[in-house]
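# Secondary and tertiary structure notes
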Amino acid sequence: MSETTRAEATGPTAGATGVDAAETDSAAPDGQGGMPAVHPRRDRRRWLLWGALVVVLFLVPIYLPGQYLIVSTWVMTGAVGAMGLTMLIGQAGQLSLAHSFFLLVGGVSYTVLSSDGTDGFVGLGLPTALSLVLAVAISAAVGAAFAPVSGRLTGIYLGVASLSLVFLGWWLARVLPSIAGSTSSGRYADDLNLFGFDFGEKSPTLAILGVPIGQNERLFWLYAALTLIAYFVARGAVDGRVGRAWRAVRDNEAAATVMGVSVVRQKSVAFAVSSAYAGLAGVMVVWWYDGLLKPDEAVDSGTYSTAVAIAYLAMVVIGGLGSLGGAIVGAAVVFGTPLIIPLLSQGDSSAVLSSGGTAFSPVVITYLAYGALIVLIVLFEPGGLAALGRRLTARLKRS
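Because the structure is predicted, anything quoted here is derived from the model rather than measured.

Definitions and cut-offs
- Residues numbered from 1 in each chain as written.
- Predicted model: local features only at pLDDT ≥ 70, side-chain atom pairs only at ≥ 80, totals over all residues.
- Heavy atoms only, no water.
- Helix = DSSP H or I, 4+ residues; strand = E, 2+ residues; numbered from the N terminus.
- Buried < 20%, exposed > 50% of the residue type's maximum accessible area, 1.4 Å probe, protein only.
- Patch = residues over 30% accessible without salt bridge, like charges linked within 9 Å, V, L, I, M, F, W, Y side chains within 5 Å.
- Areas by Shrake-Rupley, 256 points an atom, 1.4 Å probe, with all protein chains shown as cover.
- Salt bridge = Lys/Arg side-chain N within 4 Å of Asp/Glu carboxyl O.
- Lys, Arg positive; Asp, Glu negative; His and termini not counted.
- Charge placed at Lys NZ, Arg CZ, Asp CG, Glu CD.
- Axes fitted to C-alpha atoms, helices over the stretch in contact; angles between N-to-C directions.
- Parallel < 35°, antiparallel > 145°, perpendicular 65-115°, else oblique.
- Left-handed = near helix turned anticlockwise from the far one by under 90°.
- Contact = heavy atoms within 4.5 Å.
- pLDDT = per-residue confidence, 0-100.
- Polar contact = N/O pair within 3.5 Å; in protein donor to acceptor, adjacent residues only side chain to side chain.
- Phe/Tyr/Trp six-rings, centres within 6.5 Å; stacked < 30°, edge-to-face > 60°.
- Core = buried A, V, L, I, M, F, W, Y, C linked by side-chain atoms within 4.5 Å.
- Nonpolar A, V, L, I, M, F, W, Y, C, P; charged D, E, K, R; others polar.
- Expected span 1.5 Å × (residues − 1).

### Some words on the overall build of the protein
When you go through the protein residue by residue, the secondary structure sums to 17 helices and 6 strands. Taken over 399 residues, the protein has a buried fraction of 48%.

Below you can see the structure in the form of structure tokens.
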């Protein structure tokens, strides 16, 4: 599969309860003031599993073909953004349909900060690692700036208000081509470079076990590392004081206020954290397209469109609202299906994805699949696939 396939292939344009203690591996009380008991064997087993996962992720690019690595990196891009949205909706109880807008904010911020400003574009030429951190921080600041709205609205009213940001981003990207690039050609950002190691370099400069490590392999390692970091940070937030405050606001704002929780502040923090995750996903989207940032030509289709905002909402509903692991599974369903179907059937994702006129293209099949999943989940398993997985695991333990 050629290196241009990543830019040619397009990702899917595309009443559950939150997860509290069931999502957290809490220990049983030891009878001493209600403090949790320590289980060294369980902790040791958990660290061994994480270590095995790291080894597997390191070996995957060596044995997996490049086409499947491209699909994997796209799924991890969706997983990072979905983890931010599932914390906002499932943990904090704040509905948002603006996730694709914050993807655009993150992508534009990184592109402007990292590029050198040639060809009439605005650019600061900062180091790419610093540009990545600043892009995430800018996305978080923009999300926090939405606090005056999020603090006063709830439910569907907040969702409609947040949807307006997608239209605002689409309009700004079109009227500011020196910043976001044109809708026809876009503009390019620099690849991430850490300690002289260029993750976007196409020509292999090293080999592991006789396998040349090119762009696809480098990006897989980078995306896997970012996804793991995002998961552990989110895990700490959900299990800590911030997560408890979010759930208090979600369950009952009046009771949370009585307990001393600032409702407006916690909503602002939730939007900031969710926007930061979306901003990181937006940077990963730019890298996935070989550094190309290209504004959408229509507000209802494209990389930063309303369809993508709905696709992210579908991820968290399918995976289970509030579940970080469920968000990863939901991203695999929504973002992975349109790319993996052509590979399994024909071995080339670009041919089917670019056909556009077929009645059952991978994108159409994905719509049908996660549309049916959402209906089934709402009817039979409001906790999503995460709750189903916990139920099966508990049944296996009992048996």
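### Digging into the environment of Ser305
One can find Ser305 in the loop between β6 (292–293) and α13 (306–319). For the pair Ser305 and Ala98, spaced 207 residues apart in the sequence, the C-alpha separation amounts to 9.3 Å.

### Some details on a positive patch on the surface
Together, Arg41, Arg42, Arg44, Arg45 and Lys397 make up a region of like positive charge exposed at the surface. With 4 residues, helix α2 (residues 40–63) is the single largest residue contributor to the positive patch.

### Considerations on the packing of helix α3 (residues 66–91) against helix α12 (residues 263–288)
Between α3 and α12, whose axes approach to 7 Å, the crossing angle comes to 170°. Judged by the inter-axis angle, α3 sits roughly antiparallel to α12. The two elements α3 and α12 cross, and the hand of that crossing is left-handed. Contacts between α3 and α12 involve Ile70, Thr73, Trp74, Met76, Thr77, Val80, Gly81, Met83, Gly84, Leu85, Met87 and Leu88 from the former and Ala270, Phe271, Val273, Ser274, Tyr277, Leu280, Ala281, Met284, Val285 and Trp288 from the latter.

### Focus: the confidence of the model for the protein
Residues at a pLDDT of 70 or more form 84% of the protein, whose mean pLDDT is 82. This stretch, residues 1–5, has a pLDDT under 50; its non-local contacts, to residues over four places away or in other chains, come to 10 contacts. Ignoring residues within four places in sequence, the model shows residues 347–358, a span with pLDDT below 50, making 21 contacts including any to other chains.

### A few points about the side chain of Ser162
Position of Ser162 relative to the elements: it lies in helix α7 (residues 155–175). Overall, the relative accessible area of 0% leaves Ser162 in the buried class. At a separation of 2.9 Å, a polar atom in the side chain of Ser162 contacts the main-chain amide nitrogen of Leu97. In terms of polar contacts, Ser162 uses its side chain to reach the backbone carbonyl oxygen of Gly159, at 2.7 Å. Not counting chain neighbours up to four residues away, the residues in contact with Ser162 comprise Leu95, Ser96, Leu97, Ala98 and Phe146.

### Brief notes about the packing of aromatic side chains
In this structure the tally under the stated criterion is 11 aromatic pairs. On the numbers, 6.1 Å between centres and 75° between planes, the contact of Trp74 with Tyr289 is edge-to-face. One end of the pair, Trp74, is in helix α3; the other, Tyr289, is in the loop between α12 and β6, and 215 residues separate them in sequence. Trp74 gets classed as buried once you look at its relative accessible area, which sits at 4%. On the basis of relative accessible area, Tyr289 is assigned to the buried category, the value being 9%. With 5.5 Å between their ring centres and 85° between their planes, Tyr110 and Trp287 make a pair best called edge-to-face. Separated by 177 residues along the polypeptide, Tyr110 in helix α4 (residues 99–114) and Trp287 in helix α12 bring together distant segments of the chain. Given a relative accessible area of 2%, Trp287 falls into the buried group.

### Let's talk about the nonpolar core
Of all hydrophobic cores here, the largest spans 87 residues; its most connected members are Trp287 and Tyr312. With 14 residues, α3 is the single largest residue contributor to this core. When residues no more than four places from it in sequence are discounted, the contact partners of Tyr312 are Thr77, Gly78, Gly81, Ala82, Leu85, His99, Leu103, Ala281 and Phe335. Counting 6 residues, the second largest nonpolar core, distinct from the first, contains Ala245, Ala248, Ala256 and Val263.

### Topic: the packing of α3 against helix α14 (residues 324–345)
In the contact formed by α3 and α14, the axes pass within 7 Å of each other and the chain directions differ by 150°. The orientation of α3 with respect to α14, classified from their angle, is roughly antiparallel. Viewed along their axes, α3 and α14 form a crossing whose handedness is right-handed. Within the contact between the two elements, α3 uses Gln67, Tyr68, Val71, Trp74, Val75, Gly78, Ala79, Ala82, Met83, Thr86 and Met87 and α14 uses Leu324, Ala327, Ile328, Ala331, Ala332, Phe335, Gly336, Leu339, Ile340, Leu343 and Leu344. Here the contact of α3 with α14 is built from residues that sort into 18 nonpolar, 4 polar and no charged.

### Description of the pattern of salt bridges
Considering all chains together, one arrives at 4 salt bridges under this definition. The closest approach of N and O atoms between Lys267 and Glu253, which form a salt bridge, is 2.9 Å. Of the two residues, Lys267 is situated in helix α12 and Glu253 in helix α11 (residues 253–258); the sequence distance between them amounts to 14 residues. For Lys267, a relative accessible area of 1% gives the class buried. The exposure class of Glu253 is partly exposed, given its relative accessible area of 30%. Where Glu297 meets Lys294, a salt bridge forms, and the shortest distance between an N and an O atom there is 3.9 Å. Judged by relative accessible area, Glu297 falls into the exposed class, the value being 53%.

### Concerning α13
The terminal C-alpha atoms of α13 lie 20 Å apart, and with 14 residues this matches the ideal 20 Å at 1.5 Å per residue to within 8%. Of all 14 residues that make up α13, 12 are buried, and the element is covered over most of its length. Buried within α13 we find Thr306, Ala307, Val308, Ala309, Ala311, Tyr312, Ala314, Met315, Val316, Val317, Ile318 and Gly319. Count one or two residues on from α13 and you reach Gly320, which has phi positive near 120°.

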